[in-house]
Amino acid sequence: MKRNSTRALLGAGVGLIALGLAGGTAQAQVSVKQMTIDGGPLGPLNISGGFDGDLYAYSGANADTLLGTNKSSGAIARVLDLKIVKPTGLVQFTVEVKPDDSVYFGVKPGSMSTNTFTLGPIYAAYVTLAPSKAFSISVGQVYSTEGWESSTDWNNANIIDSPLYYVENSSSRGVAATYTQGPISATVTYGDGFDSGVFNVVQGLVTYSPNADNAASVYGTINFGRTGPNTYAYGNGTTGYGYPSYNAAYVNSNMIGAYYDYTHGNLSLIPEVQYVYAKVDHQIGIDKFTSNFGAELIGDYKFGKSPWSVGGQVMYYSNNGPEAWYLNARSAGIGLGVTPTWQQGNIFARGEVGMFHLTSIGTGPAFGGGGTDRNQVIGLLEAGVVF
């Protein structure tokens, strides 16, 4: 499952940071104003980051349900982020330390983790060679190119993460190359998908931005080998628990997806579709073809010069085959969330009410004490500081 992601286009030399937000003035996230300091012999350094935490309340929370806990309310520290970028010169670098966690429907909420990756809390750490503004190549712990949503929740229109985000790859060790020509930019990475240490995954992202208000992106991932059942994924568990395990499908998966970023004045809209699958491989316990389809529409509206904005999200997923990509195997569902956001300077506060309905329960229990309730409601209050 996905632990982290970014919309940052690899290679600071091309000058494209936050590719998914390339269009227009409306924003689907809290505004972050990075600081620039004098790094001495290193040159200018950009520093940004923040911290936030959530109060949460779940309906349908019971030890026998998908939620996996009988604790229906509580508080979590969600994201602590510090990012340092050297954005100029032939040799550049990016280091991001970010313990974090995610909030999903039907999944137990958890506090941010410091052992998400093999490198511990280090989410990204790579050196970039940028011989021109059009081309750069990066080596190290590099960002994923999958999906629009970000692991840093204040970058998103909503606090609750979608089923699409759940199944995506994350940052991993490898090499990434970025090329930009006019309105077209492309990034290709080669590395150890899911931070597994097995180097057999190629990711790609191509974006076409004809103007400041429109950007169309297509992304994909191909696994060219086999990641076995004793391989660690994300530094905190093997693909083989309960072997044969659904984790084998994740780390041996292929993906194709696309999203469109449209801005009109203070309104932003981002539709996204995604398909992920794993082919039959009896040696690692994948005995039948399995896949997951997801679709979502994300929106955000900024109320002029006021400190208020509101985000919204409608999402759908469908598991096919015997693997539990999201919630139960062979399950399907639709959800929505509404998130008003207030920001004054570096301080922000957000709230969200999200509702989810399982159109198919699939193999396993649903929500509620008896595991038969198809509906769940989540309420969240979040506050934080960004810089």
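Calculation criteria
- Each chain carries its own residue numbering, running from 1 in the written order of its sequence.
- Reporting in this predicted model follows two pLDDT cut-offs: at least 70 for local features of residues, and 80 or more for side-chain atom pairs to be given and counted; totals over whole chains, interfaces and linings ignore these cut-offs and use all residues.
- As a rule here, side-chain values cover all heavy atoms of the structure and leave hydrogens and water aside.
- Secondary structure counts use DSSP, requiring at least four H or I residues in a row for a helix and at least two E residues in a row for a strand, with both numbered from the N terminus.
- When accessible area is computed with a 1.4 Å probe and restricted to protein chains, residues below 20% of their type maximum are described as buried, those above 50% as exposed, and intermediate ones as partly exposed.
- By definition, residues are in contact when any of their heavy atoms lie within 4.5 Å.
- The Shrake-Rupley method, run with a 1.4 Å probe sphere, supplies the accessible areas, and residue values consider only the shown protein chains as cover.
- Here a salt bridge means any side-chain nitrogen of Lys or Arg lying within 4 Å of a carboxyl oxygen belonging to Asp or Glu.
- Residues grouped as a nonpolar core are buried Ala, Val, Leu, Ile, Met, Phe, Trp, Tyr and Cys residues, joined through side-chain atoms within 4.5 Å.
- Classification of ring pairs rests on two measures: the distance between centres of Phe, Tyr or Trp rings, Trp counted by its six-membered ring, which must be within 6.5 Å, and the angle between planes, read as stacked under 30 degrees, edge-to-face over 60 and tilted in between.
- A pair of strands is labelled paired if DSSP reports no fewer than 2 bridges between them.
- By the criterion applied in these results, polar contacts are pairs of N or O atoms within 3.5 Å in which, for protein atoms, one can donate a hydrogen and the other can accept it, and in which residues neighboring in sequence qualify only through two side-chain atoms.

Asks: Can you walk me through the overall build of the protein in this structure?
Replies: Within the protein one finds two helices and 17 strands. When each of the 387 residues of the protein is scored for burial, the buried share is 53%. Relative to all contacts within the protein whose residues are 6 or more apart in sequence, the contacts with residues 24 or more apart total 64%. As presented, the protein carries roughly 15100 Å² of accessible surface, and 64% of it is formed by carbon and sulfur atoms.

Asks: In this structure, what is going on with the pattern of salt bridges? I would like to understand it.
Replies: A side chain of one charge can pair with a side chain of the opposite charge when the charged atoms of the two come close. Tallied over the entire structure, the rule returns nine salt bridges. Across the pair Asp-153 and Arg-350 runs a salt bridge whose closest N-O atoms are separated by 4.0 Å. Here Asp-153, found in the loop between strand E6 (135-142) and helix H1 (163-166), pairs with Arg-350, found in strand E16 (residues 347-360); they are 197 residues apart in sequence, far enough to count as distant. Between Arg-173 and Asp-195 there is a salt bridge, with the nearest N and O atoms lying 3.4 Å from each other. Placement of the pair is Arg-173 in strand E7 (residues 172-181) and Asp-195 in the loop between strand E8 (184-191) and strand E9 (201-211), with a sequence separation of 22 residues. Residues joined in a network through salt bridges with shared partners are Asp-54, Arg-78, Asp-153, Asp-161, Arg-350 and Glu-382.

Asks: Whenever I open this one, the nonpolar core confuses me. Can you help?
Replies: Where a protein is soluble and globular, its nonpolar side chains tend to be buried together. Tyr-326, Phe-356 and Leu-358 are the most contacted members of the largest nonpolar core, which has 44 residues in total. Considering every element that reaches this core, the biggest residue donor is helix H2 (residues 246-251), with four residues. With sequence-adjacent residues up to four places away left out, Phe-356 is seen in contact with Phe-105, Met-315, Tyr-317, Tyr-326, Leu-327, Gly-333, Ile-334, Gly-335, Arg-374, Asn-375 and Gln-376. Core analysis: the second largest hydrophobic core is formed by seven residues, Phe-117, Tyr-126, Tyr-143 and Ala-176 among them.

Asks: Would you take a moment to explain the packing of aromatic side chains for this structure?
Replies: The relative placement of two aromatic rings is captured by the distance of their centres and the angle of their planes. Throughout the structure, instances matching the rule amount to 20 aromatic pairs. Centre to centre, the rings of Tyr-56 and Tyr-58 are 5.6 Å apart; their planes meet at 90°, and the pair counts as edge-to-face. The pair Tyr-56 / Tyr-58 is uniform in exposure class, with both members buried. A centroid spacing of 6.4 Å and a plane angle of 75° characterise the contact between Phe-194 and Tyr-250, whose relative ring orientation is edge-to-face. In this pair, Phe-194 is assigned in the loop between E8 and E9 and Tyr-250 in helix H2, connecting sequence segments 56 residues apart. Accessibility classification places Phe-194 together with Tyr-250 in one group, the buried group. An aromatic cluster is built from Tyr-104, Phe-105, Tyr-165, Tyr-166, Phe-194, Tyr-250, Tyr-317, Trp-325, Tyr-326 and Phe-356, whose rings are joined through pairwise contacts.

Asks: Quick question: what am I supposed to make of the pairing of E6 here?
Replies: As paired strands, strand E5 (residues 122-129) and E6 are joined by five bridges and run antiparallel to one another. Bridge pairing in E6 links Tyr-126 to Gly-140. The hairpin formed by E5 and E6 contains five residues between the paired strands. Here eight bridges tie E6 to E7, and the two strands are oriented antiparallel to one another. Looking at E7, one finds that Ile-137 is bridged to Ala-177.

Asks: Would you mind going over the pairing of E5 with me for this structure?
Replies: On a regular strand, one side chain projects to one face of the sheet and the next to the other, so that they alternate. Two strands pair when backbone bridges link them, and strand E4 (residues 91-97) and E5 are joined in this way by seven bridges, in the antiparallel orientation. Bridging across to E5, Thr-94 finds its partner in Tyr-126.

Asks: Where do I start with the environment of Asn-319 in this structure?
Replies: Residue position: Asn-319 is located in strand E14 (residues 308-320). Linking Asn-319 and Arg-330, residues 11 residues apart in sequence, is a C-alpha distance of 4.8 Å. Those residues within four positions of Asn-319 in sequence are excluded, and the remaining contacts are Ser-291, Asn-292, Ala-324, Trp-325, Tyr-326, Leu-327, Asn-328, Ala-329, Arg-330 and Ser-331. There is a polar contact of 2.7 Å between the side chain of Asn-319 and the backbone oxygen of Tyr-326.

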